[in-house]
Amino acid sequence: MNDILMEVRRDYVLAKIREGERIDGRAFDEVRPIEIRTGLIGKAEGSAYVKLGNTQVVAGVKMQIGEPFPDTPDQGIIITNAELVPLASPTFEPGPPDENAIELARVVDRGIRQSEAVDLKKLCIEEGEKVWMIFIDIWALDDDGNLMDASALAAIAALLNTMVPAERFEVGDDYPLPVRDLPVAITSLVFEDKILVDPCRDELSVGKNTITITTDQDDNIVSIQKSGPFLLSEKAFEDVLDVSIEKAREVRKLLAEV
Amino acid sequence: MEEIKLIIDGRRLDGRGFDELRPIKIEAGFLNRADGSCYLEMGGNKVVAAVYGPREVHPKHLEDPSKAIIRYRYSMAPFSVEERKRPGPDRRSIEISKVSREALEPVIMKELFPRSAIDIFVEVLQADAGSRTACLNAASVALIDAGVPMRGIVTSVAVAKVDGVLVLDPMKEEDNYGEADIPFAFLIRNGKIESITLLQMDGKVTREELKIALEMAKKGAMQIYQLQREAVLKKYIREEVIE
């Protein structure tokens, strides 16, 4: 039964795309409405809830003091994890993160790391001995497509909201985590050289063929991930770069208000 | 930490020009048990790829009645890196396996083999930088050696940004201390690059630099493609002589 519904939906999405339209009436380069709320988890050092269309995600930041990695003795540590918990979709199963959850976490992590949004050198307490460790945990609540962009947004919003718990660890007074860049991920569905920005779940029924471009506030590209078994033409690649840079600027404005 | 200079007098640390590949060695049909295989060296990378199938799917519920399923396992030997790596898949290997499988899937004619599996296993025996690209190049030759019908050949190479310049096929130091790493893979058909099948990036580059990186990668991929072709031809020509 589900398969038949899926087929019908797929045909409808395809017919619409070929007519130059999207099923929800959006323009091809239009991002769904975004809602960002921060600080909703009092126990976390930082937190954010993001609603992107009907996709909902919560990200929480916890911090603790640990030993630095031997090759970066003067730098703090960021660890990003994502859980596609079974309440978020009938297709998610309990258990350790699968390849999709791992990919999600790693792409979000790269955006934050490569944009140097957090100055890791400022998180060093005692070189080679004690540094701050930032754990970003992304919890999917409702998957209506494009968990990637919602998660990336929730992660950076949670960091913007983070107070370093120095008092609790007896190393001084609490202070806001210094965040110096706003990386924004834009994911698009690629279908026959057409680019559908921020695909919803129904649109992804034509194939989970996406590309995620993360840019920093100077329009540098800090992360790219082609995801899905498809052939990407050079033209689609060029187009997706242009539209992603432009859309990220729009989304970043929302983040600046957080 | 001290600053490490990666470009000295317009040359890279190993003396290569910016658009020069590391030495590559490819041998098709390296293993006996596998249906198709390949041994490949790309700079300091030494990798082996094996293809099994099309064969029965285990576990059964993974079967697809309309096409073959493709599985790709990227694995690193514990002794392949400086510090011993714990055997078994870590998060990095799982992600590499996913994107590599997705790079090959649209090229393999899997609709010809319903209800079957094509398994691709790659083992990194020694890792330098760019092991995922080396593995994909080897996997592609192993698929051809196994006689799996394909729309073309997949060829992979990375471009890095180091000391502000773009360089082809980065080695370890350039990967570790560079500003960006961009692995590409392409579908090459009838001697021409048709499309991109793998694309990742982490680091910091401008829109313009990406464009140049793509052109560099395409030139490098065409050279690797020639070597992949030669490796396949060599195996089959030798077999004819024995007859």
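Predicted model only: the values in this text are computed from it and were never measured. (Residues numbered from 1 in each chain as written. Chains lettered and ligands numbered in written order. Predicted model: local features only at pLDDT ≥ 70, side-chain atom pairs only at ≥ 80, totals over all residues.)

1. Section: the interface of chain A and chain B
At step 1: If you look at the interface, chain A gives 24 residues, while chain B gives 22 residues.
At step 2: Per-element accounting of the side of chain A that touches chain B gives the leading share, seven residues, to strand 12 (residues 221–227) of chain A.
At step 3: Of the residues in the side of chain A that touches chain B, the class split is 11 nonpolar, seven polar and six charged.
At step 4: Two elements, strand 12 of chain A and strand 11 (residues 192–205) of chain B, share four bridges in a ladder whose sense is antiparallel. Looking at strand 11 of chain B, one finds that A:Gln225 is bridged to B:Gln200. (Contact = placed C-beta atoms within 7 Å. Helix = DSSP H or I, 4+ residues; strand = E, 2+ residues; numbered from the N terminus. Nonpolar A, V, L, I, M, F, W, Y, C, P; charged D, E, K, R; others polar. Pairing = 2+ DSSP bridges.)

2. Here we look at the sheet that holds strand 7 (residues 116–126) of chain B
Residues and elements named next belong to chain B.
At step 1: Strand order across the open sheet formed by five strands is 3-4-5-7-6, with mixed pairing between neighbours. Each of the sheet's edge strands pairs with one partner strand only, and the pair in question is strand 3 (24–28) and strand 6 (69–76). Here the strands of the sheet are splayed against their neighbours by 15° on average, with no regard to which way each runs.
At step 2: Looking at chain direction, strand 3 and strand 4 (residues 36–42) are connected through five bridges and run antiparallel. Bridge assignment links Ile24 to a residue of strand 4, and that residue is Met42. (Axes fitted to C-alpha atoms, helices over the stretch in contact; angles between N-to-C directions.)

3. Focus on helix 4 (residues 234–256) of chain A
At step 1: Across its 23 residues, helix 4 of chain A extends 33 Å between first and last C-alpha, which sits within 8% of the 33 Å expected from 1.5 Å per residue.
At step 2: Of all the positions in helix 4 of chain A, only A:Ala236, A:Phe237, A:Val240, A:Ser244, A:Lys247, A:Ala248 and A:Val251 are classed as buried.
At step 3: Of the surrounding elements, those touching the buried residues of helix 4 of chain A are strand 1 (34–38), strand 9 (184–191), strand 10 (194–197) and strand 11 (210–215) of chain A together with strand 11 of chain B. (Expected span 1.5 Å × (residues − 1). Buried ≥ 20, exposed ≤ 12 C-beta atoms within 10 Å, placed from the backbone.)

4. Details of the confidence of the model for chain B
At step 1: Across chain B, the average pLDDT comes to 95, with 96% of residues at 70 or higher.
At step 2: Prediction confidence for the complex, expressed as pTM and ipTM, is 0.94 and 0.91 respectively. (pLDDT = per-residue confidence, 0-100.)

5. Side note on the nonpolar core
At step 1: Residues A:Ala154, A:Ala155, B:Ala49 and B:Ala138 are the most contacted members of the largest nonpolar core, which totals 140 residues.
At step 2: If one sorts the elements of this core by residue count, helix 3 (residues 147–160) of chain A sits on top with 12 residues. (Core = buried A, V, L, I, M, F, W, Y, C linked by C-beta atoms within 7 Å.)

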